[in-house]
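Residues per chain, in single letters:
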Amino acid sequence: MSSPTNSTTSDNDKAHWDKTTRLMYMHLGAWFFFGYVVHFFVVPLNKITIPILNFPLGFYMAAQGSLIAFVVILFLFAKQQDAIDREFGVAEDE
Amino acid sequence: MTTATGGSSDFIKNLGKMYATYTGTFLGFIILLAILEQVGVPNKILGYLFVGFTIAVYAIIGVMSRTAEVSEYYVAGRRVPALYNGMATGADWMSAASFVGMAGTLFLLGYDGLAWVLGWTGGFVLVSILIGPYLRKFGAYTVPDFMAFRFGGNTARMVAVIVLVCCSFTYVTAQIFGTGIIASRFLGMQFEVAVFAGLAGILLCSMLGGMRAVTWTQIAQYIVLIIAYLTPIIILSTKKYGIPIPELTYGNAIADITAREQQMLATGLATAAGLKPHIQPFINYTPLNFFGIVICMMIGTASLPHILMRYFTTPTVREARQSVAWSLLFIFLLYFSAPAYAAFSKLEVYTNIIGRDLTEVRPWMFTWGELGLIQICGKNAASIDAIVAACKAIAGHTGVVRLQDFVINTDVIVLSTPEIAGLPYVISGLVAAGGLAAALSTADGLLLAIANALSHDIYYKMVDPSAPTVRRLLVARVLLLIVAVAAAYTASTRPGDILAMVGWAFSLAMAGNFPALIMGVWWKRTTAVGAVSGMIAGFGLCVFYLVVTRYFPGAGVAYFGMSSLTNPATGLPLVDLAKAMAAPNAMDSWVLVSHPLASKVGWFGLNNIAAGLLGMPVGFLVIYVVSLMGKEPSKEMQAYVDEIRKPRGRTVLEEKA
């Protein structure tokens, strides 16, 4: 078991964690929007049909739209969190 | 695959080349079988060749990746690159329920079935932003490892192991059940025999090499399952719409289905009560249960130990995060195609079976009718004569198939698509091999999670901390075998609906694990007593709700104030409680699924699949309140939590080799 490097949270650590937390809430918000909020409106959205593809929009969002959003969120998050880790010097070596 | 020692960096570098060769060989094998079919080799032999070849490959990978090192056995030496771990997670994740059952569920439930699609994808966002990378930094072998360290020892470990075993065992039983269904259908084995045959395949992969073997086999299984899932539907889409992207073309099928539904109502082929429009929401689940299922599946994803432990195997925290993204991309490929299967099948049924004269229905149906999976007029649709005779028995039947005459088992949707598209048998064999890969890979991951918890957490950490490596791994393997046989035995008794069983597993994981995992990482003030009480309270309430609504519904109504769930289409109660409670069997215990009250009662109209929705908030609340009542965790523990939050540096927990 390794011993922790310091016994109290340093300012750098705190700033890193604050920024990490903000990023977490941002993506959690996007997740909530695409996972739930959009689908609350499925009935009105279904009245709109996507041109050419012919999908009712409400159905499309649950079948594909939100899924695509989740994949994008995850790749984006991995990149942004890594940028934060690098900014505060707590990222791993390559 | 390398031998147990040496050549590891070369091995990782060559992964791409190896799996590309493997994929090429597999495609060549499909072509070879297609040629064999053309020269007249019987279908049954082709089926055996397909299943035999793929299982042999998994077994070879399993044997070649055998290991005697603890860290290789538990976390594949922590050197699985992000992309490959993503593929392995994809196979780990997508089970028989996803491969065979998902499209069928969407066929039956239409829009409401998408609750499962959403729930089984969105959870990965939570894995990545809230839990996975932090557990990777912590450096655990198992999820209970983390609980024990963060929450003061073996009480927390024990509770976490109980949660893990309950949810994983429920889940693995459903997988072995699925393996049995596929093997019995395609190889003509007896179901009970097929269950144990499938078990042998599972054990070959996971017993010898633990996580290391399971990882490299799961990647191979992912490749088989995704090719198998996409091939028939791509061909079907090309044939029907001229574009090989079914995910784009099935919008037209949905428009056609909606038009056909109106036409069927107008011409009396369907009744307004019997027809459930494909795109209309909340007619199979109430909005509460629809979103309840979405929440439980998502949060369950982020709490299931067999998924979380896959992210223990990446070389870095950074790669753990990337790996979650890759996982979801690979899973997405299957999930966004499932609704296309459902739409194409439904259109075929609505236009080429419903409304046709009994003597003119499409012949693909009879293959499945013989097995009792498609019924017309209440009898198995084995031949034209059989359905004509069956419908004659119904007064006033005109000889034209109506919607209410037609009953289909949902498993048939994916399995029958090759025949609907008029494809050769070789494609059906491919689909069977894919379904088997899906079921085997998930069962492998689950069995490993259970065996690891028992051998590492119970035996090594609690019973005999001085046990030598050889004995630890031996115990792990013996336990794996025992758990597997127990699960296969349970599966062979056909406990019930796969989807519901899988749903329960998610709710159990969510109620038991999620609050403690989140609070453990994100709130330093969380105390050991708080976490343990929260886990027990949340998990306990969830188990109570599941068991009472499923097995003691009469007692639930009489003593715990439960009422009937509502019928989402009409808004009326599902059962007439006054009448049902007056019946002589009302207070029976351990009732069967067929009992009039089983899974049909509850609080707030909440389906028991979403039982986690009750347990989880209670878990959070108890952890919060009890933690505040106790003393702040030690400075040392808080410093450890800081360590988990920073990717740089050594893992907090380090095992001796």
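As shown above, the structure is provided for reference.
Residues numbered from 1 in each chain as written. Chains lettered and ligands numbered in written order. Predicted model: local features only at pLDDT ≥ 70, side-chain atom pairs only at ≥ 80, totals over all residues.

## Details of the overall build of chain A
So, point 1. When helices and strands are tallied, chain A shows three helices and zero strands.
So, point 2. Taking 12 Å as the expected radius of gyration for a compact globule of 94 residues, we find that chain A reaches 20 Å, considerably beyond that expectation.
So, point 3. Along the longest, intermediate and shortest principal axes, the C-alpha atoms of chain A span 60 × 25 × 25 Å.
So, point 4. Counting across all 94 residues of chain A, residues that qualify as buried make up 31%.
So, point 5. Intrachain contacts of chain A at a sequence separation of at least 6 include 50% that bridge at least 24 residues. (Helix = DSSP H or I, 4+ residues; strand = E, 2+ residues; numbered from the N terminus. Rg over C-alpha atoms; globule rule 2.2 N^0.38 Å. Buried ≥ 20, exposed ≤ 12 C-beta atoms within 10 Å, placed from the backbone. Contact = placed C-beta atoms within 7 Å.)

## Comments concerning the packing of helix α3 (residues 57-87) of chain A against helix α7 (residues 114-138) of chain B
So, point 1. Between α3(A) and α7(B), whose axes approach to 10 Å, the crossing angle comes to 10°. The angle between the axes of α3(A) and α7(B) places the two elements in the roughly parallel class. Of α7(B), the residues touching α3(A) (which contributes A:Ala62, A:Ala63, A:Ser66, A:Leu67, A:Phe70, A:Ile73, A:Leu74 and A:Phe77) are B:Leu114, B:Val117, B:Leu118, B:Thr121, B:Gly122, B:Phe124, B:Val125, B:Ser128 and B:Ile129.
So, point 2. For the contact of α3(A) with α7(B), the residue count by class is 13 nonpolar, four polar and no charged. (Axes fitted to C-alpha atoms, helices over the stretch in contact; angles between N-to-C directions. Parallel < 35°, antiparallel > 145°, perpendicular 65-115°, else oblique. Nonpolar A, V, L, I, M, F, W, Y, C, P; charged D, E, K, R; others polar.)

## Quick look at the interface of chain B and chain A
So, point 1. Of the residues lining the interface, 48 residues belong to chain B; the matching set on chain A comes to 42 residues.
So, point 2. Mapped onto the side of chain B that touches chain A, the elements with two or more residues apiece are α7, α11 (246-266), α12 (287-301), α14 (317-335) and α26 (635-645) of chain B.
So, point 3. Taken together, the residues of the side of chain B that touches chain A break down into 30 nonpolar, seven polar and eleven charged.

## Side note on unusual backbone geometry
Residue and element names in this part refer to chain B.
So, point 1. A positive phi is found at Trp590, a non-glycine position, where the angle reads about 50°.
So, point 2. Along the chain, the position of Trp590 falls in the loop between α24 (577-582) and β5 (601-602).
So, point 3. The phi angle at Phe604 is positive, at roughly 55°, despite the residue not being glycine.
So, point 4. Here Phe604 is to be found in the loop between β5 and α25 (612-629).

## With respect to the packing of helix α1 (residues 11-40) of chain A against α3(A)
For any two helices packed against each other, one specifies the crossing angle of their axes together with the interaxial distance.
Residues and elements named next belong to chain A.
So, point 1. Here α1 crosses α3 at 175°, and the two axes come no closer than 10 Å. Classified by the angle their axes make, α1 and α3 are roughly antiparallel. Of the residues in α3, those touching α1 at His16, Lys19, Thr20, Leu23, His27, Ala30, Trp31, Phe34, Gly35, Val38 and His39 are Met61, Ala62, Ser66, Ala69, Phe70, Ile73, Phe77, Gln80, Gln81 and Ile84.
So, point 2. Residues that form the contact of α1 with α3 fall into these classes: twelve nonpolar, eight polar and one charged.

## Thoughts on the nonpolar core
So, point 1. Grouped together as the largest cluster of nonpolar side chains are 239 residues, with contacts concentrated most on A:Phe70, A:Leu74, B:Leu225, B:Ile293, B:Cys296, B:Leu447 and B:Cys542.
So, point 2. Of all the elements, helix α10 (residues 191-241) of chain B adds the most residues to this core, at 22 residues.
So, point 3. Filtering out sequence-adjacent residues up to four positions away, B:Cys296 remains in contact with B:Gly119, B:Phe506, B:Ser507, B:Met510, B:Ile609, B:Ala610, B:Gly612 and B:Leu613. (Core = buried A, V, L, I, M, F, W, Y, C linked by C-beta atoms within 7 Å.)

## Overview of helix α6 (residues 96-109) of chain B
All names here are of chain B.
So, point 1. Given a rise of 1.5 Å per residue, 14 residues ought to cover 20 Å, and the 18 Å separating the end C-alpha atoms of α6 matches this to within 8%.
So, point 2. The largest bend in α6 comes to about 40°, at Met102.
So, point 3. Most of α6 sits inside the fold, with 13 of its 14 residues counted as buried.
So, point 4. Positive phi shows up at Gly110, right after α6, with a value of about 60°. (Expected span 1.5 Å × (residues − 1). Bend = angle between axes of the 7 residues up to and from the residue.)

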